[in-house]
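# Coordinate inspection notes
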Amino acid sequence: MASFTLLFLALAVGFIWYERTHPPAKIVALVAALAALAAAGRVAFAPLPNIKPTTDIVLLAGFALGAAPGFAVGAVAAIASNVMFGQGPWTPWQMLAWGLCGLFGAALGRMTHRSLGRWPLAAACGVAGLGFGLIMDFSTWTTYTGAHTLGEFLTISATSLPFNIAHAVGNVLFCLAFGPAFLRALLRYRERFTVRWAPLVASGAVLAGVLVALGGAGPGAPAASAATAHTAASPGARAVAYLRRAQNRDGGFGPLRGRGSTPLYTSWAALGLAAAGVAPGNVRHGGATLAGRVQADAARAQSAGDLERTVLALRAARRSTGATAARLTRLQQRDGSWNHLVNQTAFGVLALRAAGQSIHAPRVRAAGHFLVGQAGRDGGFSYAGRVAASGIDDTASAIQGLVRSGYGRSRTVRRATAYLVARQNLDGGFPLTPGAGSNAQSTSFAVQALVAVGRNPAAVRRRGSRSPIAYLVSLMAADGSVRYSRTSAQTPVWVTAQALLAFARRPF
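Residues numbered from 1 in each chain as written. Predicted model: local features only at pLDDT ≥ 70, side-chain atom pairs only at ≥ 80, totals over all residues. Heavy atoms only, no water.

## Focus on the overall build of the protein
Each helix and strand in the protein was counted, giving 20 helices and four strands. Taking all 508 residues of the protein together, the buried fraction comes to 55%. Here the contacts in the protein between residues at least 6 apart in sequence split such that 72% fall between residues at least 24 apart. Carbon and sulfur atoms provide 63% of the accessible area of the protein, an area that totals close to 20700 Å². (Helix = DSSP H or I, 4+ residues; strand = E, 2+ residues; numbered from the N terminus. Buried < 20%, exposed > 50% of the residue type's maximum accessible area, 1.4 Å probe, protein only. Contact = heavy atoms within 4.5 Å. Areas by Shrake-Rupley, 256 points an atom, 1.4 Å probe, with all protein chains shown as cover.)

Next up, the structure:
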């Protein structure tokens, strides 16, 4: 009774912890899907004793998404799969064991900054399998023996040892087969799910400079003055005025006016304003400056995407990038990429260049070489390389990364630019994926890529359509905010700063 009481308390604490994190709907859906996948993997491999991909899926979920989601995936997978195998006193023990595998994956991800090679990742899955077996041996000893002696426990462990070894070996093989690709997909999802959409709050809604991917002006790029770059009535000047009104008292920016500041929105506000020729050191609310807020937030960056964005924001704020760039370089993979992702690698190049590395630096060239090898057959790029369909945002990011790594005149860049231009919609804008409706983010990305290769975006018009700049202007409200699309009533914070970068005609 004592052991079962502790067991149920542990499970209760785990689920309460998950609920108190207030996971957004996207994460709840992903946790449910991963738990279902883990349960299905257990059922599919039922004929093979103790060989199943369930533990790998749970560990990788924790590695990519964090401790609370990882625990939830493991615990739910156990109870769901036992609908097929039968519920019993073993079920809560399995829930705890797989939940702990999710926590182990989360701890491993935090220690390694979510960057781990195929073999170390497979070894971790093998260790998780042995740990799972040890917990289940303890559950058998607790539930089905009377004296509860050490000899009984050792006998149970010796009897189950072949099954536990089979579990560990199976985990290693499954991870070698699908682990890195599966993890890249989860990490990509993690990079995107932090975006929060909120309803427009009257005319005070704020649009700060934010992207979900990463970017910034290259080192040494001339910054035009605000006075010469924009007239008082120009779209750029109106966007600048809007962002200035959105600044919080701590110097930072939140998702909407009046919302708390976050490093994400603050960084992109700095990039958008700097591109328009407004020094972040001169953007202040009371005594706090935007540049000071960027500097204070730098220590909080952890993932490759956060570090890349932070380096670019520090460069825009004219603050030292050395320490943050050094942390970023430690996360670069042997193949030159960051997390084997196209968009993160492209912006990794931009961050290294912003930190002062030359176009001939080995890390810059290695990242560029990786990008060249990820081009799709259609000339475009996907975040995951050739295994996924090309998109506008990822292609535009890759173009800028390639230009900044010395491949600006390559056939790869010419084909990518042709892919981009061919996907322009008749309204002048660009879609996220070919054939979809235009939106401000993808259009701004496309403008920056066109500028990076020396194309005039005002001259890019499909069959007499208007230019992408004109499309962005059509989305602008009287207060300087920019809608995401013609059908959207919302003005999410990153759209105005993205448009501001396009109005300034500045690549990252």
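From this point, the discussion proceeds with the structure in view.
## With respect to the environment of Gly437
Relative to the helices and strands, Gly437 is located in the loop between strand S3 (430-431) and strand S4 (438-439). Along the backbone, Gly437 and Arg486 are 49 residues apart, and their C-alpha atoms lie at a distance of 8.9 Å. With residues near it in sequence (within four places) discarded, Gly437 still touches Asn425, Phe430, Pro431 and Leu432.

## Let's talk about the pattern of salt bridges
This model, assessed by the stated rule, comprises three salt bridges. One salt bridge in this structure joins Asp297 and Arg293, with 3.1 Å as the shortest N-O distance. Pair noted here: Asp297 and Arg293 are both in helix H11 (residues 290-297), with a separation of four residues, about one helical turn. Take Asp297: its relative accessible area is 6%, and that puts it in the buried class. Residue Arg300 pairs with Asp297 through a salt bridge whose shortest N-O separation is 3.6 Å. Looking at Arg300, the relative accessible area reads 54%, which means it is exposed. What you see here is one network of salt bridges that share partners, running through Arg293, Asp297 and Arg300. (Salt bridge = Lys/Arg side-chain N within 4 Å of Asp/Glu carboxyl O.)

## Quick look at the side chain of Thr289
On the secondary structure map, Thr289 appears in strand S2 (residues 288-289). From its side chain, Thr289 meets the backbone nitrogen of Gly292 in a polar contact 3.0 Å long. In this view, Thr289 contacts Gln247, Gly251, Pro280, Gly281, Val283 and Arg284; residues no more than four positions away in its chain are not counted. (Polar contact = N/O pair within 3.5 Å; in protein donor to acceptor, adjacent residues only side chain to side chain.)

## Observations concerning the packing of aromatic side chains
This model, assessed by the stated rule, comprises eight aromatic pairs. Relative to Phe138, the ring of Trp93 lies with its centre 5.8 Å away and its plane at 70 degrees, an arrangement referred to as edge-to-face. Of this pair, Trp93 sits in helix H5 (residues 90-111) while Phe138 is found in helix H6 (residues 118-144), placing the two residues 45 residues apart along the sequence. The class of Trp93 is buried, set by a relative accessible area of 5%. Residue Phe138 is classed as partly exposed on the basis of its relative accessible area of 35%. An angle of 35 degrees between the planes, with centres 4.5 Å apart, marks the rings of Trp98 and Phe132 as tilted. (Phe/Tyr/Trp six-rings, centres within 6.5 Å; stacked < 30°, edge-to-face > 60°.)

## Points about unusual backbone geometry
The backbone phi angle of Asn50 is positive, close to 65 degrees, even though this residue is not glycine. Topologically, Asn50 is positioned in the loop between helix H2 (25-44) and helix H3 (54-65). Residue classification places Asn50 among the partly exposed positions, given a relative accessible area of 23%. Unusually for a residue other than glycine, Asn339 sits at a positive phi of about 60 degrees. Looking at where Asn339 falls in the secondary structure, it is placed in the loop between helix H13 (322-329) and helix H14 (342-354). Owing to a relative accessible area of 11%, Asn339 belongs among the buried residues under this scheme.

## A short note on the layout of surface pockets
The computed volume of the second largest pocket comes to approximately 530 Å³. Those elements giving two or more residues to the lining of the second largest pocket turn out to be helix H4 (67-85), H5, H6 and helix H7 (150-193). Tallying contributions element by element places H6 first for the lining of the second largest pocket, with eight residues. When its residues are assigned to classes, the lining of the second largest pocket shows 13 nonpolar, 10 polar and three charged. (1 Å grid on protein atoms, 1.4 Å probe; cavity = no way out; pocket = protein on both sides within 12 Å on 5 of 7 lines; lining within 4 Å. Points joined across faces, edges and corners; volume = space filled by probe spheres on them. Nonpolar A, V, L, I, M, F, W, Y, C, P; charged D, E, K, R; others polar.)

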